[in-house]
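# Geometric and topological summary
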Amino acid sequence: MKLKRKIVHVDMDAFYASIEMRDHRQYRDKPLVIARDPRHTAGRGVVATANYAARRFGIHSAMSAQEAYELCHQAIFVKPDFVKYRRISKEIHAIFHEYTDKVEPIAFDEAYLDVTENKKEVSSALHVARLIQQEIFAKTKLTCSTGVSYNKFLAKLASDYHKPAGMTLVLPEEVNSFLADLPIEKFRGVGKKTAPKMHQLGIETGADLLEWSEVDLISKFGKMGQILYQRVRGIDERPVEWKRKRKSIGFERTLNQPLKSSVEVDDMLDFLAEKLTEAVQQKQKHGKTLVLKLRNSQFETVTKRMTFDDYLTNDKKNFAFWGRQLFDQMQPNEVDVRLLGMTLTNIDELRFENIKLPLWKE
Ligand SMILES: [Mg+2]
């Protein structure tokens, strides 16, 4: 399989309910609803999720807890413990990141992974999905379903295809048959508003949708029509939106005329320190290591770093001062600078310390 992209969609099976069944033996094999008990809340509350036993009664997430109770009187209601669910979600994400940093979380229990290139250099996306599934189960005793394909739209549909503990691969040549029987409601974007209109037009499945021209779909459904025209042909170029975890923040400047004096270097250090201070404050980060990079007229590049026990204060005078100490170690005698760079690394979230709150306006 040689695909341009390899996308895995991981979806935990009845996540919250599975966690509570794992942690409470007495809930197993019983209909379990994660929601506050409507008998104690005067009928309020919404179902966060339900286990498969409860789903057989027609209970599903986003339904009112009262409705769930009416469908199944013997159901057990358990108040959601989101602190616990988040903690377990983090454990699962740590597993994802063993394979790739290109992870797009959708909810606590769902994420897209771009494994085209992955840290374990496993070429088969199917194999990656299998390994992740196994590792999640080994570490959390929870099951998930995975969908593997060359874009997000297909990967998500695939993970939903066999649940629980399923794994589905959709190859380019299988797209038509995979989507042909798919109910139109399963296409993302076809919701409560669009679905009745689709039915009116006789569009019940992917196969029906495929017969429509792009122009006609756009005239009936606008932008969504165009998207659906592409989706039913297996086209979805949306990237996996992952946030690169920045390990350093820095700036550098190349000079046309090499700096030859200490005063010029001080000015440049001030400039870089100011840029750096603005950037780290804006990103709410701080760091323990300051790195200075220097290139001379002979294009020799050297870096020198200084690591502190505590985080450096985000202050331009502070950065400039330590930058100067580093510089003096690198060019103690003759000044010759074609490039100067200042980087803060070993960085972390700026939490409570050092945050300057604008309590008073001057
Ligand atoms: Mg799920």
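Keep in mind that this is a model prediction, so the values were computed, not measured.

Conventions used here
- Residues numbered from 1 in each chain as written.
- Predicted model: local features only at pLDDT ≥ 70, side-chain atom pairs only at ≥ 80, totals over all residues.
- Heavy atoms only, no water.
- Helix = DSSP H or I, 4+ residues; strand = E, 2+ residues; numbered from the N terminus.
- Rg over C-alpha atoms; globule rule 2.2 N^0.38 Å.
- Buried < 20%, exposed > 50% of the residue type's maximum accessible area, 1.4 Å probe, protein only.
- Areas by Shrake-Rupley, 256 points an atom, 1.4 Å probe, with all protein chains shown as cover.
- Lys, Arg positive; Asp, Glu negative; His and termini not counted.
- Charge placed at Lys NZ, Arg CZ, Asp CG, Glu CD.
- Domains from an automatic or database assignment.
- Donors = N, O, S within 2.8 Å, 3.2 Å for Na, K, Ca; no water.
- UniProt positions renumbered as here; feature names shortened; annotations may be inferred.
- Contact = heavy atoms within 4.5 Å.
- Pairing = 2+ DSSP bridges.
- Axes fitted to C-alpha atoms, helices over the stretch in contact; angles between N-to-C directions.
- Core = buried A, V, L, I, M, F, W, Y, C linked by side-chain atoms within 4.5 Å.

## Quick look at the overall build of the chain
For the chain, the count of helices and strands is 13 helices and 12 strands. Here the chain has a C-alpha radius of gyration of 28 Å; the compact-globule value for 362 residues is 21 Å, and the former is much larger. Taken across its 362 residues, the chain has 45% of its residues classed as buried. Of the roughly 20300 Å² that the chain leaves accessible, carbon and sulfur atoms contribute 51%. Side-chain charges of the chain comprise 59 positive and 50 negative groups, with the mean position of each set lying 2 Å from the other.

## Observations concerning the domain arrangement of the chain
Under the domain assignment, the chain is made up of domain 1 (15–82), domain 2 (175–231) and domain 3 (248–349). Taking the mean C-alpha position of each, domain 1 and domain 2 sit 33 Å from one another.

## Things to note about the coordination of the magnesium ion
Coordination of the magnesium ion by the protein is provided by Asp11 (OD), Met12 (O) and Asp109 (OD), with metal-donor distances spanning 2.2 to 2.5 Å. All donor residues of the magnesium ion come from one chain, and their arrangement in sequence is D-M-x96-D. Residue Met12 is found in strand 1 (residues 7–12), and its partner Asp109 is found in the loop between strand 5 (103–107) and strand 6 (110–114); the two are separated by 97 residues along the sequence. The pair formed by Met12 and Asp109 is uniform in burial state, with each residue classed as buried.

## What about the UniProt feature "binding site: Mg(2+)" (unreviewed entry) in the chain?
In the numbering used here, UniProt assigns the "binding site: Mg(2+)" (unreviewed entry) feature to Asp11 and Asp109. These annotated residues cover 99 residues of sequence, and their C-alpha atoms lie no more than 5.8 Å from one another, placing them together at a single site. Taking relative accessible area as the criterion, Asp11 reaches 12% and is therefore assigned buried. Not counting residues up to four positions away in its chain, the partners in contact with Asp11 are Asp109, Glu110, Cys144, Ser145, Ser159 and Lys163. Those residues in contact with Asp109 that sit more than four places away from it in its chain are Val10, Asp11, Met12 and Phe15.

## A few points about the sheet that holds strand 11 (residues 301–307)
Pairing is antiparallel in the open sheet, where 4 strands are placed in the order 9-12-10-11. Among the strands making up the open sheet, the edge pair consists of strand 9 (248–259) and strand 11. Each adjacent strand pair in this sheet contributes to an overall mean axis angle of 15°, direction not counted. Bridge count between strand 10 (residues 285–295) and strand 12 (residues 337–349): 10 bridges; the pairing is antiparallel. Each bridged residue has a counterpart across the sheet, and for Gly287 the counterpart in strand 12 is Ile347. Set on the sheet, helix 12 (residues 262–283) makes contact with strand 9, strand 10 and strand 12; between it and strand 9 the angle comes to about 155°.

## Focus: the nonpolar core
Ranked by internal contacts, the top residues of the largest apolar core, which has 33 residues, are Phe15, Phe96, Leu113 and Ile136. At 6 residues, helix 4 (residues 82–99) tops the list of elements feeding residues into this core. Leaving out residues up to four positions away in the same chain, Phe96 has contacts with Val10, Val103, Ala111, Leu113, Ile132 and Ile136. Residues Leu292, Leu294, Phe308 and Phe319 belong to the second largest nonpolar core, which totals 28 residues.

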